[in-house]
Every structure is written in C-alpha cells, then in structure tokens.
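Observations on chain architecture
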Amino acid sequence: LEGWLAGITGYDAVSVQPNAGSQGEFAGLMAIRAYHQANGDAQRTVCLIPSSAHGTNAASAVMAGMHVVVVACDESGDVDLTDLESKINEHRENLAALMITYPSTHGVFEEAVGEICSRVHKAGGQVYIDGANLNALVGLAKPGAFGADVSHLNLHKTFAIPHGGGGPGVGPIGVRAHLAPFLPGH
C-alpha cells in the first residue's frame, strides 16, 4: 500500500501510521521540524500559511511548535506572490515551511504552485501540501512531482467515504527522500 501511495503522489516514501488527516498534518510537520533540527537549523520555526489554506493547518503548525505567518491571497483565491516573497524575505533565516492546500478549499488550482515551491526551497524551507483535496488530483497530478516535500492523504475522502461520512479516518503521509528518516515508524 505504501508503494502504491508513493506512486500515486510522486513521493519517495509513505507512512501509514497517522490515523486521520489531522494526525498526518502533525506527523508531516514534525518530520519537517526534525529535519531542520538534524541539520542544525533549530531556529527554523516559521510556517507560512496562505489565507486560502485548510482551516486545520494553523492549528497543526502551532501544535508542532511553529509560529504561523499568514500569506495573503488575491481576489481570485490564488496565493499573492508579492506578499509571499515579502514574507519569505522577512523570515528567511527562520523559515521552516509553507503549508498550502492544493487545490485550495475554494477549489483553486494554484497555477504558480511550482514557482511557490521553488521560492520556499530557495529560502531553506520545506513545502507541505495539504492533501485534503487529493481526490481532485488522483491520476492527474502528483504533489511530489511539482515541488512539495510532504503531504498527508485523507484516504477516507479520496478512496472511500465523503468527509463526515461516519467511517474511520485514514491520514498517511508521503514524503520526499530527505524527509523519509523522520517518518513515524514505531
């Protein structure tokens, strides 16, 4: 199953340990924190979150010990690239991650998602793509292929029941190779 999910998402490794999207978010952010700490960058605690992101993202970032900075969106719901660049420059030395929901909760597919990922990476940050809406991507696009470093997958929404359908939650996370050593595994 982990291999299939890695293939579907374009990631290198998957952990099926998280039991819900919220737990997947937390596990993914903790992997990012551990990665930065292992590289001697413990000061990297700023998490940029666009105002269009899934509502749980800020809570998960705070629980993972990060400081949330909101990035503005334009009138059509896309991330405001000028504001993103400003926030990156302001927090460059402490930037841990950007959490972005793709497609956004508003149903917007960020045309500049590759550019957004590139800008965050150039500043030393990691990109967390919230997989809450993965059902809109399956078979069409792979988050790991367009620049994301980690995503949780709400498999109960993508492959089984609608959100809130009363069944069990399943929230595994996919990561690129450099984050694989920091996946939950016990």
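Every chain is numbered on its own, with residues counted from 1 as its sequence reads. In keeping with the predicted nature of the model, local features appear solely for residues at pLDDT of at least 70, side-chain atom pairs appear and are counted solely at 80 or more, and the whole-chain, interface and lining totals rest on all residues. The basis for the side-chain values is all heavy atoms of the structure; hydrogens and waters are excluded.

Quick look at the sheet that holds strand S3 (residues 67-71)
- By this definition, two strands are paired if DSSP reports at least two bridges between them. A run of DSSP states H or I qualifies as a helix once it reaches four residues; a run of E qualifies as a strand once it reaches two. Both are numbered from the N-terminal end. Here seven strands make up an open sheet; going across it, the order is S1-S7-S6-S5-S4-S2-S3 and the pairing mixed. In this open sheet, the two edge strands, each paired with only one partner strand, are strand S1 (13-15) and S3. Along the sheet, successive strands turn relative to each other by an average axial angle of 20°, direction set aside.
- Sheet analysis places S1 next to strand S7 (residues 173-175), joined by three bridges and oriented antiparallel. Pairing of Val14 across the sheet is with Gly174, part of S7.
- Whether two residues are in contact is decided by their heavy atoms: any pair within 4.5 Å suffices. Lines fitted to C-alpha atoms define the axes, with helix axes restricted to the stretch in contact, and inter-axis angles between N-to-C directions lie between 0 and 180 degrees. Along the sheet, helix H2 (residues 21-38) contacts strand S4 (95-101), strand S5 (126-130), strand S6 (150-152) and S7; its crossing angle with S5, the most-contacted strand, is approximately 175°.

Comments concerning the side chain of Gln126
- Within the secondary structure layout, Gln126 lies in strand S5.
- A simple rule labels every residue: compare its accessible area, found with a 1.4 Å probe on the protein chains alone, to the largest value its type can have, and call it buried under 20%, exposed over 50%, or partly exposed in between. Judged by relative accessible area, which is 5%, Gln126 ranks as buried.
- There is a polar contact of 2.6 Å between the side chain of Gln126 and the side chain of His178.
- Non-local contacts of Gln126, meaning those with residues more than four positions away in its chain, are made with Ile32, Tyr35, His36, Ala96, Ala97, Leu98, Val120, His121, Asp149, His178 and Leu179. Distance and chemistry together define a polar contact, namely a pair of N or O atoms within 3.5 Å, with one atom able to donate a hydrogen and the other to accept it when in protein, and with adjacent residues in sequence counting only for side-chain atoms on both sides.

Things to note about the environment of Ile116
- Along the polypeptide, Ile116 turns up in helix H5 (residues 113-122).
- On the accessibility criterion, Ile116 (1% relative accessible area) is buried.
- Between the alpha carbons of Ile116 and His152 there is a distance of 19 Å; along the sequence they are 36 residues apart.
- When residues no more than four places from it in sequence are discounted, the contact partners of Ile116 are Val79, Leu81, Leu84, Leu98, Ile100 and Glu110.

Quick word on the nonpolar core
- Think of a nonpolar core as a cluster: buried Ala, Val, Leu, Ile, Met, Phe, Trp, Tyr and Cys residues, connected wherever their side-chain atoms sit within 4.5 Å. The biggest cluster of nonpolar side chains holds 28 residues, and the ones touching the most others in it are Leu48, Leu84 and Ile129.
- Here this core takes four residues from H5, the largest share from any one element.
- Look past the residues within four positions of Leu84 in its chain and what remains in contact with it is Leu48, Val71, Val79, Leu98, Ile116 and Arg119.

With respect to the packing of helix H4 (residues 81-91) against H5
- The interhelical angle for the contact between H4 and H5, taken along N-to-C directions, is 10°, at an axis separation of 10 Å. What the angle tells us is that H4 and H5 run roughly parallel. Taking contact as the criterion, the partners of Leu81, Leu84, Glu85 and Ile88 in H4 are, on H5, Ile116, Arg119 and Val120.
- For the contact of H4 with H5, the class distribution of residues is five nonpolar, no polar and two charged. Comment on the angle field: the value is read as roughly parallel under 35 degrees, roughly antiparallel over 145, roughly perpendicular from 65 to 115, and oblique elsewhere. Residue type decides the class: Asp, Glu, Lys and Arg count as charged, Ala, Val, Leu, Ile, Met, Phe, Trp, Tyr, Cys and Pro as nonpolar, and the leftover types, Gly among them, as polar.

Re a nonpolar patch on the surface
- A patch consists of residues whose relative accessible area exceeds 30% and which take part in no salt bridge; residues with like charges are grouped when within 9 Å of each other, and nonpolar side chains (Val, Leu, Ile, Met, Phe, Trp, Tyr) when within 5 Å. Only the protein chains shown count as cover for residues, with accessible areas throughout obtained via the Shrake-Rupley method and a probe of 1.4 Å. By definition, a salt bridge exists where a carboxyl oxygen of Asp or Glu is found within 4 Å of a side-chain nitrogen of Lys or Arg. On the surface, a nonpolar cluster with roughly 490 Å² of combined accessible area is contributed by Leu1, Trp4, Ile8, Val16 and Val138.
- Tracing the chain through its elements places Val16 in the loop between S1 and H2.
- Overall, Val16 belongs to the partly exposed group, its relative accessible area being 38%.

Description of the pairing of S3
- Where strand S2 (residues 46-50) and S3 come together, five bridges link them in parallel fashion. Within the sheet, the bridge partner assigned to Pro50 lies in S3 and is Val71.

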